[in-house]
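Next come the chains, spelled out residue by residue.
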Amino acid sequence: MTFSKCVCLICQSTIAIPKKGNVERHFRTVHGKYDTDFPPKSELRKRKVKELKSQLSGQQSFFTQQTSKAKTATEASFRVSHIIVNNKKSFKDGEMVKEAFIEAADSLFRDFKNKAEILSSIKALQLSRSTVTRRCEAMAEDLTQQLWKDIIGDCECFSLQLDESTDVSDTAQMCISFVWCLVISLQKKSY
Ligand SMILES: [Zn+2]
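So, how was this worked out
Residues numbered from 1 in each chain as written. Predicted model: local features only at pLDDT ≥ 70, side-chain atom pairs only at ≥ 80, totals over all residues. Heavy atoms only, no water. Axes fitted to C-alpha atoms, helices over the stretch in contact; angles between N-to-C directions. Helix = DSSP H or I, 4+ residues; strand = E, 2+ residues; numbered from the N terminus. Parallel < 35°, antiparallel > 145°, perpendicular 65-115°, else oblique. Contact = heavy atoms within 4.5 Å. Nonpolar A, V, L, I, M, F, W, Y, C, P; charged D, E, K, R; others polar. Donors = N, O, S within 2.8 Å, 3.2 Å for Na, K, Ca; no water. Tetrahedral: all angles 85-135°; square planar, octahedral: opposite > 155°, others 65-115°. Buried < 20%, exposed > 50% of the residue type's maximum accessible area, 1.4 Å probe, protein only. Phe/Tyr/Trp six-rings, centres within 6.5 Å; stacked < 30°, edge-to-face > 60°. Lys NZ or Arg CZ within 6 Å of the ring centre and 35° of its normal.

## Let's talk about the packing of helix H4 (residues 93-108) against helix H5 (residues 115-123)
Relative to each other, H4 and H5 sit at 175°, their axes nearing to 10 Å. The angle between H4 and H5 falls in the class roughly antiparallel. Facing Lys98, Phe101, Ile102, Ala105 and Asp106 of H4, the residues of H5 in contact are Lys115, Leu119, Ile122 and Lys123. Its residues assigned to classes, the contact of H4 with H5 comprises 5 nonpolar, no polar and 4 charged.

## Quick look at the coordination of the zinc ion
Every protein donor of the zinc ion is accounted for by Cys8 (SG), Cys11 (SG), His26 (NE2) and His31 (NE2), and the metal-donor separations fall at 2.0 to 2.3 Å. Every donor counted, the 4 donor atoms about the zinc ion form angles of 106 to 113° at the centre, which fits tetrahedral coordination. Counting gaps between the donor residues of the zinc ion yields the pattern C-x2-C-x14-H-x4-H. For Cys11, a relative accessible area of 34% corresponds to the partly exposed category.

## Observations regarding the packing of helix H3 (residues 43-86) against helix H6 (residues 129-150)
Here H3 crosses H6 at 85°, and the two axes come no closer than 9 Å. Classified by the angle between their axes, H3 and H6 sit roughly perpendicular to one another. In contact with Thr74, Ser77, Phe78, Ser81, His82, Ile84 and Val85 of H3, H6 contributes Thr131, Val132, Arg135, Cys136, Ala138 and Met139. Looking at the contact of H3 with H6 residue by residue, the class counts come to 7 nonpolar, 5 polar and 1 charged.

## Section: the packing of aromatic side chains
Scanning the entire structure with this criterion turns up 3 aromatic pairs. Summarising the aromatic geometry, the rings of Phe27 and Tyr34 are spaced 5.7 Å apart at their centres and angled 75° between planes, so their arrangement reads as edge-to-face. As far as the burial class goes, Phe27 and Tyr34 line up, both buried. Ring plane angle 80° and centroid distance 5.0 Å describe the contact between Phe109 and Phe112, whose orientation is recorded as edge-to-face. Classification of Phe112 by relative accessible area gives partly exposed; the value is 43%. Here the guanidinium or amino end of Arg135 rests over the ring plane of Phe78, the centre of that ring lying 4.8 Å away.

What follows is the structure in structure tokens.
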């Protein structure tokens, strides 16, 4: 992790342009009393700086934890949405999956010390109908992009195969298959 910002240890405000002059000006104008309260090179000042440093790193790791929690929750929501769409279920089934997940976890983790924490993570899982819809749209868009980039971008031509038939209930069914042709472009290059 890189910290490109310059943060004041005493008041935690950010100094816009991290230049020596700016930092000095901030210290002199905002913390004029600091030198009197904690005289330079004194043991008191050393201790104060150490304390302020650990406070700041504690806060920063708290934020890192929160961000990684949000990231894992989003990933989980994508994974469940993937299962839902793979099984051709309705987008609104996400809510049912979550309910089942909470019920199962309630007994599965009964004797776990961090049961409350596990349950609250599951409860925070975003699986509403609109969320699942958005996740599926995002995955479909990503897949399309990958296809264009990896395969179709290298093709010179492709073919569509169409076939129509009727099923047992006499309803017309159409099958469309898409065949891309990388071979032709390779052959052309070799001649
Ligand atoms: Zn400050």
